[in-house]
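As a plain string of letters, each chain reads:
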Amino acid sequence: MHPTIFTLFALSLAALEVYAKLQNVTVKGVTMCDGKRVANVHVMLLEKDALDADDNLASAHTNEEGEFELFGEDDEIGSIEPLIRIHHTCDAKPGCERISEYLVPEDKIGGFYDMTYVTLDIKTAEDKIKCQ
Ligand SMILES: *[C@@H]1O[C@H](CO)[C@@H](O)[C@H](O)[C@H]1NC(C)=O
């Protein structure tokens, strides 16, 4: 390769490195319904992506104590916008499930987000109902 072209190539690679960087977040919490801890609730950590369908970064089920902890990382240009999606039946009609979403605050990216108690009774801005 010609030295100048090589330099340009190296510079553009370096620029991509800067823009698309690997970012992570750890989220933990305890799911609650009607004042009780809820075991075996499906919790997902997703990247809210405008173009793709939301990327799944990690998922888990809450333990006997209703606790979950998820670590996810993603390569994005700009800042990642992770969200927590929980499938549960708290306050849902028989045969239905609720899907509640919670955004991870931007200042928690690269660190730790402790949601403490996640009260599933309270409807979030992004709350959906799915019935069979
Ligand atoms: C998560 O991101 C932070 C900030 O960029 C970094 O210091 C840390 O090493 C990363 N943690 C892991 C487990 O990759």
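The coordinates are above.
Residues numbered from 1 in each chain as written. Predicted model: local features only at pLDDT ≥ 70, side-chain atom pairs only at ≥ 80, totals over all residues. Heavy atoms only, no water.

Things to note about the site of the ligand
Heads up, the rule is: Throughout, near means a residue has at least one heavy atom within 4 Å of the molecule or strand. Exposure was quantified through the Shrake-Rupley algorithm and a 1.4 Å probe, taking into account, for residues, occlusion by the shown protein chains and nothing else. The classification used treats Ala, Val, Leu, Ile, Met, Phe, Trp, Tyr, Cys and Pro as nonpolar, Asp, Glu, Lys and Arg as charged, and all other residues, Gly among them, as polar.
Around the ligand lies a shell formed by Asn-24, Phe-71, Glu-73 and Gly-110. Here the ligand has 370 Å² of accessible area as a free molecule, and 33% of this is covered by the chains. Per-class residue counts for the shell around the ligand are 1 nonpolar, 2 polar and 1 charged.

Here's the deal with the nonpolar core
Inside soluble globular proteins, nonpolar side chains tend to come together where they are buried. So the rule is basically this: Residues belong to a common nonpolar core when they are buried Ala, Val, Leu, Ile, Met, Phe, Trp, Tyr or Cys residues joined through side-chain atoms within 4.5 Å. For the exposure calls, accessible area comes from a 1.4 Å probe over protein chains only, and a residue counts as buried if that area is under 20% of its type's maximum, exposed if over 50%, partly exposed in between. Should any heavy atoms of two residues lie within 4.5 Å, those residues are counted as being in contact.
Grouped together as the largest cluster of nonpolar side chains are 19 residues, with contacts concentrated most on Val-27, Leu-45, Ile-84, Ile-86 and Met-115. Dropping the residues within four chain positions of it, Met-115 is found in contact with Val-27, Lys-28, Gly-29, Phe-68, Ile-84 and Tyr-102.

A short note on the pattern of salt bridges
As a reminder, the rule being used: Basic side-chain nitrogens of Lys or Arg form a salt bridge, by our definition, when they fall within 4 Å of a carboxyl oxygen of Asp or Glu. Helical segments are the DSSP runs of H or I of at least four residues, strand segments are the runs of E of at least two, and each set is numbered from the N terminus.
Tallying each qualifying case throughout the model produces 7 salt bridges. One salt bridge in this structure joins Glu-101 and Arg-85, with 2.6 Å as the shortest N-O distance. With Glu-101 in strand β7 (residues 96-103) and Arg-85 in strand β6 (residues 82-88), this pair connects stretches of sequence that are 16 residues apart. Accessibility assignment for this pair places Glu-101 and Arg-85 in one class, buried. A salt bridge links Glu-126 to Lys-128, with the shortest nitrogen-to-oxygen separation between them at 3.8 Å. With relative accessibility at 40%, the residue Glu-126 sits in the partly exposed group.

Here we look at the state of the cysteines
Formally: Two cysteine sulfur atoms make up a disulfide if the distance between them is within 2.5 Å.
Taken as a whole and judged by the stated rule, the model has 2 disulfides. A disulfide bridge connects Cys-33 with Cys-90, and the sulfur atoms are separated by 2.1 Å. Where Cys-33 bonds to Cys-90 through sulfur, the torsion about that S-S bond is close to 85°, and the disulfide is right-handed. Separated by 57 residues along the polypeptide, Cys-33 in strand β1 (residues 20-33) and Cys-90 in the loop between β6 and β7 bring together distant segments of the chain. This pair shows no difference in class: Cys-33 is buried, exactly as Cys-90 is. Cys-96 shares a disulfide with Cys-131; S-S distance 2.1 Å. Because the sign of the S-S torsion sets the handedness, a value of about 100° for the bond joining Cys-96 and Cys-131 places this disulfide among the right-handed ones.

Re the side chain of His-88
When you line up the elements, His-88 lands in strand β6. We classify His-88 as buried; its relative accessible area is 4%. His-88 has contacts with Val-41, Glu-97, Arg-98, Ser-100 and Leu-120, leaving out every residue within four places of it along the chain.

Regarding the side chain of Thr-124
Cut-off, in case you're wondering: Two N or O atoms form a polar contact when they lie within 3.5 Å of each other; inside protein one atom must be a possible hydrogen donor and the other a possible acceptor, and for residues adjacent in sequence the pair counts only when both atoms belong to side chains.
Looking at the element boundaries, Thr-124 is found in the loop between β8 (112-119) and β9 (126-131). Polar contacts involving the side chain of Thr-124 include one to the main-chain carbonyl oxygen of Glu-126, which spans 2.9 Å.

A short note on unusual backbone geometry
For Asn-40, which is not glycine, the phi torsion reads 60° and is therefore positive. In this fold, Asn-40 is placed in the loop between β2 (36-37) and β3 (42-47). With a phi close to 50°, Thr-116 is a non-glycine residue in the positive phi region. Topologically, Thr-116 is positioned in strand β8.

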